[in-house]
Amino acid sequence: MAIKHKSKGVSLRQKQGVWGFIFLLPWLLGFLLFFARPMWETISYAFSEVTITFYGIYSTFVGMENFRRALFIDQFFNMYMITLAFPTLVIVVIVVIFSLLAAILINGKYFGRGIVRAVFFIPIIMGANIAVAVTAGGDVVSQAAGMGMNFGGFSQYFLIEALAGTGMPPALISYVLQALSEIFSVLAQSGVPILIFLAGLQSIPTSMYEVAKIEGSTQYETFWKVTLPMISPMILLSTVYTITDLFRRHSMAGPFIPRVATDGVSPVPLLEYIRYVGFGTHNDFGLASAMSLMYIVASLVVIVVVTWVMSKAVFYYD
Amino acid sequence: MITVAVKNKRNVFKKGKDGRSVMGSLGLFLFLSLLAAVFFFPIFFMLNRAFMPLAELLRFPPLIIVRNPTFDHFFSVSTFFNTTLVPFTRYLFNTAFIVTVGVFGQILFASMAAFPLAKYDFAGDSIMSKMIVVALMVSPAVTAVPAYLIMSYLRLIDTPFAIILPTFGATLGLYLMKNFMTVVPSSLIEAAHIDGANEFTCLFRVVMPAVKPAFITLFILSFQVMWGATGGQVIYTEELKPLSAALNQIAATASIARAGDMMVVSLIMFIIPLILFIFMQTQVLETMATSGMKE
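Residues numbered from 1 in each chain as written. Chains lettered and ligands numbered in written order. Predicted model: local features only at pLDDT ≥ 70, side-chain atom pairs only at ≥ 80, totals over all residues. Heavy atoms only, no water.

Quick look at the overall build of chain A
Cut-off, in case you're wondering: Runs of H or I in DSSP of at least four residues are treated as helices and runs of E of at least two as strands, each being numbered from the N terminus. Only protein chains enter the accessibility calculation, which uses a 1.4 Å probe. A residue is then buried if its area is under 20% of the maximum for its type, exposed if over 50%, and partly exposed in between. Any two residues whose heavy atoms approach within 4.5 Å are treated as being in contact. Every accessible area reported is derived by Shrake-Rupley at a probe size of 1.4 Å, with residue values counting cover from the shown protein chains alone.
From N to C terminus, chain A includes 13 helices and four strands. Sorting the 318 residues of chain A into buried and exposed places 52% on the buried side. Restricting to contacts in chain A with at least 6 residues of sequence separation, those with at least 24 account for 61%. Summed over its atoms, the accessible surface of chain A is roughly 14,500 Å², and 69% of this surface lies on carbon and sulfur atoms.

Next up, the structure:
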């Protein structure tokens, strides 16, 4: 935007500022009302002793007490925070590579691609369905329609039968089962990244491929020299999305999601545990707020580090 | 349109040019077939179980393929809707309203907000962009209680807008649109400005067509959220509940005896988006790339 508009008496920056504000306004209103204000309340609860009564919510300021309790008294919180980062990063790498591969397959033009597209489109809906369960507050239907809930057990059962039938040692069977359940959780996670990559692949100018072809580049070279640099902003985008998705997820099952036991019987992911602290028998909303705040900060640190490292390699064509 | 598909299936049968051996190609083909089988399994599973009679559903070495297909569970679900207080069409109307207003509103507001953040330079735009990433991290559960209190204060509780309005301030769509708009060449927008286009024309006639894959993507995601939202915590009046809430009542109360109904409900919830998206995906895939530029 280097060209100046004449005779308005305002600078381009001011003019853009005014228009930017007008365009941002509707979204900003929603954001402030339904996100920023509630977030502020949650932060203030984190520093307070909160009592919920029939007549309303009362809070008294207690300083860092909630954070102290979460870190030094609560028995599960620490353990989870420590074991959080590494498994998340492993699954993120797998998901991103897998979704790029799937997107390329969907995007390609070849014999029988209709079938390939239809099949590879399934996780998009599956994944989005699970995302729905998270955003819309966990509804049973989409969870049931999603993966893991109702057929994970069955597929494992069949595999155990089939593998035991071949006389495979039990240790190896459990390893195969682990790998399989990882496939399902990768599948469930990769819906949105696949869509992001698809849209990204579509935005690559075809002229670039024509040039590459004319210059005699092989498809292998074209992938590394054209597709990958052009899609690199989308790799960053889907990495950030996958990380946030993994951190936000509170009802997803999966081998990579560490779990803690609330009542000593059923293990749940941390966010479920935080919900249990806030709304369960403890009903300690202040402590739950402090925990989720620390959780957000921790995940933010991971995002910032990953984005910083990756942005070194991202190529913007403009 | 010439799309060069890198690593596509055609390569599997063609050796030489890309230097892949026949065995390597065969291996890739087998790997992809296996992957496709894994992808397809859940749908196959769901389809078969929706048609199974109860006796087959509850067998212990569980069955995957139906032996005596039956429509019993479909009839049972339709009977449920015949006996409900609120007619089926009312649920359908509620869902249609929520989906239409919610999806289009979200796309409109997200792209309007994304445009200046991606392409303009004004005070506070970088802070705003950072805030969006922060907001992405926050699980809705974290802000659920204060958000409810605010909606209650605005008298939105027990109206469809309690589901719709919060999504207008959602950050995922904005983040997605912003990232794609950053890739649109600035010279296109400059050219539009020089030709006398105002900001709205610029956004809706120049930028939006260029990011068509992105907003179709947002459409799909947003549709999923709206289609699946039951409004469980915010809508109490039965007449205002969406279809998913009604289906949820069947699924949530499904005991062993209603396991078949549960599968039918899952199938309905799953198959309608699937049909829509198989139709929509041609829109994501057959679109013009960032053309219109001649260097």
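Section: the overall build of chain B
Scanning chain B for helices and strands turns up 14 helices and zero strands. Relative to its 295 residues, chain B shows a buried fraction of 54%. Taking the contacts inside chain B whose residues are at least 6 apart along the sequence as the reference set, 70% of them involve residues at least 24 apart. With the model as given, the accessible surface of chain B reaches about 13,100 Å², and the carbon-plus-sulfur share is 70%.

Observations regarding the packing of helix α5 (residues 88-119) of chain B against helix α9 (residues 171-183) of chain B
Residue and element names in this part refer to chain B. Our working rule: In this description, a line fitted to the C-alpha atoms serves as the axis of each element, helices being fitted only across the stretch in contact, and the angle between N-to-C directions of two axes falls anywhere from 0 to 180 degrees. In this scheme, roughly parallel covers angles under 35 degrees and roughly antiparallel covers those over 145, while 65 to 115 is roughly perpendicular and the rest are oblique. For any pair of crossing helices, the crossing counts as left-handed if the nearer helix is rotated counterclockwise from the farther one by less than a right angle, and right-handed if it is rotated clockwise.
Interaxial distance between α5 and α9 falls to 8 Å at its minimum, and their mutual angle equals 45°. Classed by the angle they form, the pair α5 and α9 counts as oblique. The chirality of how α5 crosses α9 is right-handed. On α9, the residues touching Q106, A110, S111, A113, A114, F115, L117, A118 and K119 of α5 are G173, L174, M177, K178, M181 and T182.

Notes on the packing of helix α1 (residues 12-46) of chain A against helix α6 (residues 125-137) of chain B
The contact between α1(A) and α6(B) brings their axes to 13 Å, and the two run at 45°. Put simply, α1(A) runs oblique to α6(B). Helix-helix and strand crossings are classified by hand; for α1(A) and α6(B) the assignment is left-handed. Residues A:L24, A:W27, A:L28, A:F31 and A:F35 of α1(A) form the contact with α6(B), whose own contacting residues are B:M128, B:M131, B:I132 and B:A135.

Thoughts on the environment of B:Q233
Its location among the elements puts B:Q233 in the loop between α12 (212-228) and α13 (243-252). C-alpha separation for the pair B:Q233 and B:A144, spaced 89 residues apart in sequence, amounts to 9.9 Å.

Here's the deal with the pattern of salt bridges
All names here are of chain A. As a reminder of what qualifies: The term salt bridge refers to a pairing of a side-chain nitrogen on Lys or Arg with a carboxyl oxygen on Asp or Glu at a separation within 4 Å.
Counting across every chain of the model gives four salt bridges over all chains. The shortest N-O distance in the salt bridge between D284 and R69 comes to 2.3 Å. One end of the pair, D284, is in the loop between α12 (270-279) and α13 (285-311); the other, R69, is in helix α2 (residues 65-73), with 215 residues separating them in the sequence. Of the residues examined, D284 reaches a relative accessible area of 13% and is grouped as buried. Residue classification places R69 among the partly exposed residues on the basis of a relative accessible area of 22%.

Focus: helix α7 (residues 144-153) of chain B
Among all positions of α7(B), only B:V145, B:P146, B:A147, B:I150 and B:M151 are buried. Just past α7(B), the residue B:R155 takes up positive phi, approximately 60°.

Observations regarding the side chain of A:T242
Residue and element names in this part refer to chain A. Our working definition: Counted as a polar contact is a pair of N or O atoms within 3.5 Å, where, for protein atoms, one must be capable of donating a hydrogen and the other of accepting one, and residues adjacent in sequence contribute only when both atoms are in side chains.
Residue placement: T242 occurs in helix α11 (residues 219-248). On the basis of relative accessibility, which here comes to 1%, the residue T242 falls in the buried class. Of note is the side chain of T242, whose polar atom sits 2.6 Å from the backbone oxygen of S238. Once residues within four sequence positions are removed from consideration, T242 is found in contact with V92, V95, V96, Q189 and P193.

Side note on the pairing of strand β2 (residues 56-61) of chain A
Along any regular strand, the residues point their side chains to alternate faces of the sheet. Residue and element names in this part refer to chain A. The criterion, for reference: In short, DSSP must find at least two bridges between two strands for them to pair.
One ladder, built from six bridges, connects strand β1 (residues 48-53) with β2; its direction is antiparallel. Paired with V50 across the two strands is S59, which belongs to β2. Between β1 and β2, which pair antiparallel and follow one another directly, the connecting turn spans two residues.

Section: helix α4 (residues 72-83) of chain B
Residue and element names in this part refer to chain B. Here is the rule we go by: Under the convention used throughout, the expected extent of a helix is 1.5 Å for every residue step, that is, one less than its residue count. Comment: arc refers to directions from the helix axis out to C-beta atoms.
Here α4 is twelve residues long and its end C-alpha atoms lie 17 Å apart, about the 16 Å a rise of 1.5 Å per residue gives. Every buried residue of α4 is accounted for by H73, V77, F80 and F81. Looking straight down α4, one finds its buried side chains confined to an arc of 95°; they lie on one side. Along α4, exposed side chains directed more than 90 degrees from the buried face belong to F75, N82 and T83.

A look at the nonpolar core
Formally: As used in this record, nonpolar core signifies buried Ala, Val, Leu, Ile, Met, Phe, Trp, Tyr and Cys residues forming a set joined through side-chain atoms within 4.5 Å.
Counting residues in hydrophobic clusters, the biggest one holds 153 residues, and the most contacted among them are B:F81, B:F115, B:M177, B:F180 and B:M181. The contact partners of B:F115, leaving out residues within four places of it in the chain, are A:F23, B:Y120, B:M181, B:I189, B:E199, B:C202, B:L203 and B:V207.

Comments concerning unusual backbone geometry
Residue and element names in this part refer to chain B. Non-glycine residue R155 carries a positive phi angle of around 60°. In this fold, R155 is placed in the loop between α7 and α8 (161-168). Phi at D158 is positive, roughly 70°, even though this residue is not glycine. Residue D158 is classed as partly exposed on the basis of its relative accessible area, which comes to 23%.

As for the environment of B:A96
Tracing the backbone shows B:A96 in helix α5. Overall, the relative accessible area of 39% leaves B:A96 in the partly exposed class.

Comments concerning the confidence of the model for chain B
Residues and elements named next belong to chain B. What counts, and what does not: pLDDT is a residue-level measure of predictor confidence that goes from 0 to 100.
Per-residue confidence for chain B averages 77 on the pLDDT scale, and 83% of its residues sit at or above 70. Within chain B, no element has a lower average pLDDT than helix α1 (residues 10-13), which sits at 45, and none a higher one than α5, at 90. Segment residues 1-17 is flagged for pLDDT under 50; beyond a separation of four residues in sequence, or across chains, it makes 40 contacts in the model. Counting contacts from residues 287-295, a segment whose pLDDT is below 50, to residues more than four positions away or on other chains yields 18 contacts. Per the prediction output, this complex has pTM 0.74; the corresponding ipTM is 0.72.

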